[in-house]
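# Summary of the model geometry
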Amino acid sequence: MFHEFKLVAETPVYVQVKNYIKRLMMQGALQAGQKLPSTRELSELLGVSRGSIIAAYEALQDEGLVYAVTGKGNFVAEVSAPSGQAVPAWQMDWRERMNRQARLSVELDHMKRSKPGMRAAKGAILFTSIAPDEQLFDLENVKRAFLDRMAVEGRVLLNYGYAKGYKPLIDYLLNYMERKGVDLQGKGLLITSGFTEGLDIVLSVLGRDGNTGGRMLCENPTHQTAIKNLRRHGFEITGIPMEPDGMDLAALERELKAQPFDGAFLVPSYHNPTGIVTSAEKRLAILELLSRYRVPVIEDGFNEELRYSGSHVAPLIAMAGQGNGVVYLGSFSKVLFPGIRVGWILADRELIEVLESVKRARSIHTSTLDQSLLYQYLLNGNLEKYLKRARAEYRRKYEWTKDCCERHVPFSRLSGSGGLHLFLEFPEEFDTWKLLELCADQGVLFTPGDMFYVDGGGRNTMRIGFSRVPEEDIEKGIRLIGEMAAKLLGDLN
C-alpha cells in the first residue's frame, strides 16, 4: 500500500495526499477503524514533507473521514458509502429513453458525425473555423478590466445575479443599439449566454394556439446552428434562395401567399455562410412583406462590426422604427472573445418579460462574472481600439483569401463582402464532399456547403473560413483546393 502515489505539477501536495488517502478509503483498501501511518512514516513512504502529511490529515479530519486519538494517532472514520458493491450492477439503455429533441440533436451534430479521416491532423490547414484569431486577443486590457471590476464589487459578482442580466451591461448595450439607429421606445433587453441560448429561448416561446413549433422562413442557405435549433423545436423550415444582394423577393412573396408562417430567421449582415450583405433597399422590402403577412422576424446580428468597405447598413430592427415585430439577437463572439459567453436579445418589452421568465427557469442567469468583465472592458473604451486592429488584420486576410481563390480555384461563383469567410459555388453536378476527401488526404480541410441548406441542396458549395489560418497557409491550402477541384471537374467533363 501507498506505493502507487505519484505527484503531479500545480496541485498543492497536501491536496494530492488527501485525495490519495480518500481514494484508498473509498476503494476499501483502508477500512473503518484502521490506524493510519504516523506523519513521519507516511512522509517517508510518499516522499513528501511531513508538513504536507499533517495538512492532509487535518483536511481529512475536517471532512469527517479521519479522526485523531490523543497519544495514539489518526484512524479511518466510519464512511457511509459502502466499500463494496451494495446492489447488483444496474445497466440502463439510455437510448431507449431519449426524446425527439435529444435524437435530433445527435443526428444534426456534425462535429460528432464527421468522418474520422476528415478530422484535423497535426499540421493540417483548417478552413473550417470562423472563430476569431486568438493571437489578436487583447489580454492585457482584459486582465485590467477584470481587476478593475473585482476591485469595485468583487463579492457581489461572485454571488447570484439576475435573470435579466447585469444592469450596467444592459444599459451599455441599450446605448450601443441606439447608436445603430434602433428606436428603443417600448423595447427591452435580456442578457443571454451567447447567441445560441438567445435563439433557443426565443424559439421555445414561439408557436400558435399554445403549441410549440410551426413554420419558419429563412434564407437558403443559412446558419447551421439555426437549422439545428429550429428542427429541435419542431419547426418546418422553408428556405428562400439568396441573390447577390439578399433574399429573392419574388420567391419570398410566393411562399408568404402560399401558407402562414410563425416567424422568419434572417442574417442580413455578412450572412453565414454566403457572406452576403442584404442591401438597404432589399431590407426595407423584406420588412414590408413580412409586416404585411404578420410574420415576426428573428434577426441575427452576425458579424455586423466586420465591415471592410462600403457604407454601414442599419439592422432590420432599426429599420422597423417603433414597430415591435423584430427580435434582435446580438453577440460579440465573432469580434471579441467567444470564451466570454455573453449575448443579448433586444425586442418588445412585453416579450422580453416572458423571455426573462424562461431564462430564469432554465439557467437562473448568465455568469455575472462574464457580464461584468465584458462591461468593464467596453467601459474602458477598448472595443473601438480592438476593432480597428481586428478589422485591419481580417481585411488583409479577406482580400488575400479572395485573391487566392480567384487565381487558383475554378469556381462558378464567389460571395462574401466581409466577415470571416467566403462562400464558393461550383457547377451543379460538382460534389464538394468528394473534393474534401481529396483535400483531407493532403492535410487541407474546409466546410462543405450542404449542411447550411434546408432542402438537401448545396452539394456543389463550400465555405472557406480564413480567420485563424496564417497567410502563408492560406495560399498553400487554396492552391491545393484549386488543383483538386480542377481534377474533379476534368473527370466530370
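The text that follows walks through the structure, step by step, so that each part is easy to find. (Residues numbered from 1 in each chain as written. Predicted model: local features only at pLDDT ≥ 70, side-chain atom pairs only at ≥ 80, totals over all residues. Heavy atoms only, no water.)

We now examine the environment of Ala320. Tracing the sequence through the fold places Ala320 in the loop between α13 (316-319) and β10 (326-331). A relative accessible area of 26% means that Ala320 is categorised as partly exposed. Not counting the four nearest positions on each side in its chain, Ala320 is found in contact with Leu287 and Val326. (Helix = DSSP H or I, 4+ residues; strand = E, 2+ residues; numbered from the N terminus. Buried < 20%, exposed > 50% of the residue type's maximum accessible area, 1.4 Å probe, protein only. Contact = heavy atoms within 4.5 Å.)

Omega for the peptide link from Asn220 to Pro221 comes to 10°, which places this bond in the cis form. Among the secondary structure elements, Pro221 is positioned in the loop between β5 (214-220) and α10 (224-232). Note the cis peptide between Asn272 and Pro273, where omega equals 20°. If you trace the backbone, Pro273 turns up in the loop between β8 (263-266) and α12 (280-292). For Arg294, which is not a glycine, the phi torsion comes out positive at approximately 60°. With respect to the element layout, Arg294 can be found in the loop between α12 and β9 (297-300). On the accessibility criterion, Arg294 (71% relative accessible area) is exposed.

What follows covers the pattern of salt bridges. Overall, the coordinates contain 28 salt bridges when judged by the stated rule. Glu153 is paired through a salt bridge with Arg149; the nearest N and O atoms lie 3.1 Å apart. In this pair, Glu153 and Arg149 both sit in helix α7 (residues 139-157), 4 residues apart, roughly one turn of the helix. Accessibility classification places Glu153 together with Arg149 in one group, the buried group. (Salt bridge = Lys/Arg side-chain N within 4 Å of Asp/Glu carboxyl O.)

As defined by bridge partners, β5 adjoins strand β6 (residues 235-243) across 7 bridges and the pair is classed as parallel. Across the sheet, the residue bridging to Glu219 is Ile240, located in β6. Crossover handedness for the path β5 to α10 to β6: right-handed. Inspection of the sheet shows β6 paired to strand β7 (residues 246-247) by 2 bridges, in the antiparallel sense. Across the sheet, the residue bridging to Glu243 is Gly246, located in β7. Taken together, β6 and the strand that follows it, β7, pair antiparallel across an intervening segment of 2 residues. (Pairing = 2+ DSSP bridges. Right-handed = clockwise from strand over helix to strand, strands pointing away.)

Okay, the environment of Leu492 next. Within the secondary structure, Leu492 is located in helix α18 (residues 471-492). Note on Leu492: relative accessible area 43%, which makes it partly exposed. Residues Leu492 and Phe430, 62 residues apart in the sequence, show an inter-C-alpha distance of 7.9 Å. In this view, Leu492 contacts Glu429 and Phe430; residues no more than four positions away in its chain are not counted.

We now examine the side chain of Asp262. Along the chain, the position of Asp262 falls in the loop between α11 (249-258) and β8. Engagement of the side chain of Asp262 in a polar contact is seen with the backbone nitrogen of Arg215, the distance being 2.7 Å. If sequence neighbours within four positions are ignored, Asp262 has contacts with Leu206, Gly207, Arg208, Gly213, Gly214, Arg215, Phe235 and Pro296. (Polar contact = N/O pair within 3.5 Å; in protein donor to acceptor, adjacent residues only side chain to side chain.)

Across all of its chains, the model carries 13 aromatic pairs by this definition. Where Tyr176 meets Trp344, the ring centres are 6.0 Å apart and the plane angle is 85°; that geometry is what we call edge-to-face. Here the residue Tyr176 occupies a position in helix α8 (residues 167-179), and Trp344 occupies one in strand β11 (residues 343-348), the gap between them amounting to 168 residues. The residues Tyr176 and Trp344 share a single accessibility class, namely buried. Ring centres 5.4 Å apart and planes at 80° place the aromatic pair Phe337 and Tyr377 in the edge-to-face group. One end of the pair, Phe337, is in the loop between β10 and β11; the other, Tyr377, is in helix α15 (residues 368-379), and 40 residues separate them in sequence. (Phe/Tyr/Trp six-rings, centres within 6.5 Å; stacked < 30°, edge-to-face > 60°.)

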